[in-house]
Amino acid sequence: MSTTTDLAALPEAAPSVTASSETVPATASPLAERYGPDQSVPLAPLTDAIDGILRHRTVRAYLTDPLDEVVLPTLVAAAQSAPTSSNMQFWSVVAVTDPARKDRLAALAGGQEHVRQAPLLLVWVADLARARAIGDAHGTSLEGTDYLDSTVVAFVDAALAAQNAVVAAESLGLGTVYIGALRHHPEQVAAELGLPEGTVAVVGLVVGHPDPAGGERVKPRLPQAAVLHHETYDLAVQGPYVDAYEDLIAPFYREEGLAESWRRRVVDRLAVPGPQRGHAHLHTALAARGLPSR
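Okay, so let's go over this structure. Within each chain, residue numbers correspond to sequence positions counted from 1 in written order. Since the coordinates come from a predicted model, pLDDT governs what is reported: local features require at least 70, and pairs of side-chain atoms require 80 or more to be given and counted, while whole-chain, interface and lining totals use all residues. Working from all heavy atoms in the structure, the side-chain values ignore hydrogens and water.

We count a stretch as a helix when DSSP gives it H or I for four or more residues in a row; a strand needs E for two or more, and each element gets its number in order from the N terminus. Looking only at helices and strands, the protein has twelve helices and six strands in total. The contact criterion used is simple: two residues touch if any of their non-hydrogen atoms lie within 4.5 Å. The long-range fraction of contacts in the protein, counting pairs at least 24 apart against all pairs at least 6 apart in sequence, stands at 75%. In the form shown here, the protein has an accessible surface area of approximately 15,800 Å², with 57% of it arising from carbon and sulfur atoms. Using a 1.4 Å probe, accessible areas were evaluated by the Shrake-Rupley method; residue-level cover was limited to the displayed protein chains.

So this is what it looks like as structure tokens:
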């Protein structure tokens, strides 16, 4: 059990540079939920976009109500507005609404019921197949796509696109939750979605109308001083801030019926490959999917 840590007594972090010197008090939601009631964080005046991002919460309980037909193209337009390395656009997305297919994908993801509940599952795909097809059309083998950097770029491109879609969905009053467990069975997911060689599912994203009875809340995060470094990285100063986070997250986890220690969760998940629940074979699976990552 950690002792209560007064954040005000911790070493002062270097000041953040913002567009305004205005300090938003921690009692103003959503900062109090994100960082705890005893902190204040210097922020620029909140725009609608920033306010929406700060209020992000993971939703795992959905109504079965269908989405308006304009939602999907809106989310994809937002996703395509994300940065992409050298404009290569190494990603695609598969929209899944068929209940039977969602049920099979939910089973592959460990039986997560929200995949079945919500009307839409977006599967974000690292996609080198499109580039290779362009190369084939020009009679050129794109050997650069066989290297790790291209695979990393494709994963980053897909993640950036997905997060833009999350922000857009939440601005429309919808809920979202990422489904990383689709990486447990990359070959089966690829078969279900008809993914060609040179592609792999990076992450799923459930989108739907939150069930008001779900009660999901903003989850506290580490203090900024634990993640924000100025000029150079300093691991040595992080201990007290992690202590403070233990105190902040413990009641949240307790109310969720979870083990209270964040440190313990980190250790339990990463001490051995087993807690990764299937991800240990991902390198081999990527090679089998045509992403050898040399």
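From this point, things continue past the structure.
Now for the nonpolar core. The criterion is simple. A nonpolar core is a set of buried Ala, Val, Leu, Ile, Met, Phe, Trp, Tyr and Cys residues joined through side-chain atoms within 4.5 Å. In this scheme, a residue with accessible area under 20% of its type's maximum is buried, one over 50% is exposed, and one in between is partly exposed, where area comes from a 1.4 Å probe on protein chains only. With 30 residues, the main nonpolar core has Leu-75, Phe-90, Trp-91, Leu-122, Trp-124, Leu-205 and Val-207 as its most contacted residues. Going through the elements one at a time, helix 3 (71-80), strand 4 (120-127), helix 7 (148-171), strand 6 (199-208) and helix 12 (282-288) are the ones with two or more residues in this core. Core analysis: the second largest hydrophobic core is formed by 22 residues, Leu-121, Ala-190, Leu-193 and Leu-195 among them.

Let us now look at the pairing of strand 4. With eight of its eight residues buried, strand 4 lies for the most part within the structure. Here strand 4 shows no split at all, with Leu-120, Leu-122, Trp-124 and Ala-126 on one side and Leu-121, Val-123, Val-125 and Asp-127 on the other all buried. Two strands form a pair only when DSSP identifies at least two bridges running between them. Sheet analysis places strand 3 (residues 91-96) next to strand 4, joined by six bridges and oriented antiparallel. In the strand pairing of strand 4, Val-94 is matched with Val-123. In terms of strand pairing, strand 4 meets strand 6 through eight bridges, oriented antiparallel.

Relative to the helices and strands, Asp-127 resides in strand 4. Of note is the side chain of Asp-127, whose polar atom sits 2.9 Å from the backbone nitrogen of Ala-129. Leave out the neighbours within four places in its chain, and Asp-127 touches Phe-90, Trp-91, Ser-92, Ala-154, Gly-198 and Thr-199. Pairs of N or O atoms are called polar contacts if they sit within 3.5 Å, as long as, within protein, a hydrogen donor faces a hydrogen acceptor (for residues adjacent in sequence, only side-chain-to-side-chain pairs).

Attention shifts here to helix 3. Looking at helix 3, one finds that the buried residues are Val-71, Leu-75, Ala-78 and Ala-79. All buried residues of helix 3 lie within an arc of 100 degrees about the axis, which places them on one face of the element. An arc is given here, and it is the one of the directions from the helix axis to the C-beta atoms.

All right, on to the packing of aromatic side chains then. Under the pairing criterion, centres of Phe, Tyr and Trp rings, with the six-membered ring standing for Trp, must be within 6.5 Å; the plane angle then separates stacked pairs below 30 degrees from edge-to-face pairs above 60, leaving the rest tilted. Under the counting rule described, the total for this entry stands at three aromatic pairs. Here the basic side chain of Arg-265 rests over the ring of Tyr-253, its NZ or CZ set 4.6 Å away from the ring centre. Put simply, a charge is over a ring when the Lys NZ or the Arg CZ is close to the ring centre, within 6 Å, and near the line of the ring normal, within 35 degrees.

Next up on the list: the sheet that holds strand 3. Spatial ordering of the open sheet is given by 3-4-6-5, a layout of four strands whose pairing is antiparallel. Lying at the two open borders of the sheet, with one neighbouring strand each, are strand 3 and strand 5 (175-179). Taken pair by pair, the neighbouring strands of this sheet meet at an average axis angle of 25 degrees, ignoring direction. Helix 7 rests against strand 3, strand 4, strand 5 and strand 6 of the sheet, and its axis sits at about 155 degrees to strand 4. Axis definition: a line fit to C-alpha positions, over the contact stretch in the case of helices; interaxial angles, taken between N-to-C directions, run 0 to 180 degrees.

Patch building starts from residues that exceed 30% relative accessible area and form no salt bridge, then joins like charges within 9 Å and nonpolar side chains (Val, Leu, Ile, Met, Phe, Trp, Tyr) within 5 Å. What makes a salt bridge here is a side-chain nitrogen of Lys or Arg within 4 Å of a carboxyl oxygen of Asp or Glu, nothing more. Taken together, Leu-148, Val-152, Val-156 and Leu-160 make up a surface patch of nonpolar side chains, about 310 Å² in accessible area. With respect to the secondary-structure elements, Leu-160 resides in helix 7. Assessed through its relative accessible area of 35%, Leu-160 is described here as partly exposed.

A water-sized probe, rolled over the atoms, reveals where empty space remains. For the largest pocket, the calculated volume is near 1,200 Å³. Residues are said to line a cavity or pocket when one of their atoms sits within 4 Å of a point; the points come from a 1 Å grid over protein atoms alone, cavities being sets where a 1.4 Å probe fits but cannot get out and pockets being open sets with protein on both sides within 12 Å along at least five of seven lines. What lines the largest pocket is a set of 34 residues, and nearest its centre among them are Thr-58, Arg-60, Val-177, Lys-219 and Arg-265. Every element with two or more residues in the lining of the largest pocket is listed here: helix 7, strand 5, helix 10 (238-255) and helix 11 (262-270). Considering every element that reaches the lining of the largest pocket, the biggest residue donor is helix 11, with five residues. Residue classes follow a fixed rule: Ala, Val, Leu, Ile, Met, Phe, Trp, Tyr, Cys and Pro count as nonpolar, while Asp, Glu, Lys and Arg count as charged, and any other residue, Gly among them, counts as polar. When the residues that make up the lining of the largest pocket are grouped by side-chain class, the tally is eleven nonpolar, eleven polar and twelve charged. Grid points are joined across faces, edges and corners, and a volume is the space filled by probe spheres set on the points.

The final tally for this structure, using the stated rule, is 16 salt bridges. Between Arg-130 and Asp-127 there is a salt bridge, and its shortest N-O distance comes to 3.3 Å. The class for Arg-130 is partly exposed, based on a relative accessible area of 37%. For Asp-127, a relative accessible area of 7% puts it in the buried group. Within the structure, one salt-bridge network assembled from shared partners comprises Arg-101, Arg-104 and Glu-192.

Before going further, it helps to spend a moment on a positive patch on the surface. A cluster of like positive charges, contributed by Arg-60, Lys-219, Arg-221, Arg-265 and Arg-269, occupies part of the molecular surface. Relative to the helices and strands, Arg-60 resides in the loop between helix 2 (48-54) and helix 3. Judged by its relative accessible area of 48%, Arg-60 falls in the partly exposed class. The charged-residue count follows a simple rule in which Lys and Arg add positive charge and Asp and Glu add negative charge, with His and chain termini not counted at all. Just so you know, the charge point we use is NZ for Lys, CZ for Arg, CG for Asp and CD for Glu.

The topology assignment puts Asp-243 in helix 10. Sequence separation between Asp-243 and Leu-222 is 21 residues, and the spatial gap between their C-alpha atoms is 9.7 Å.

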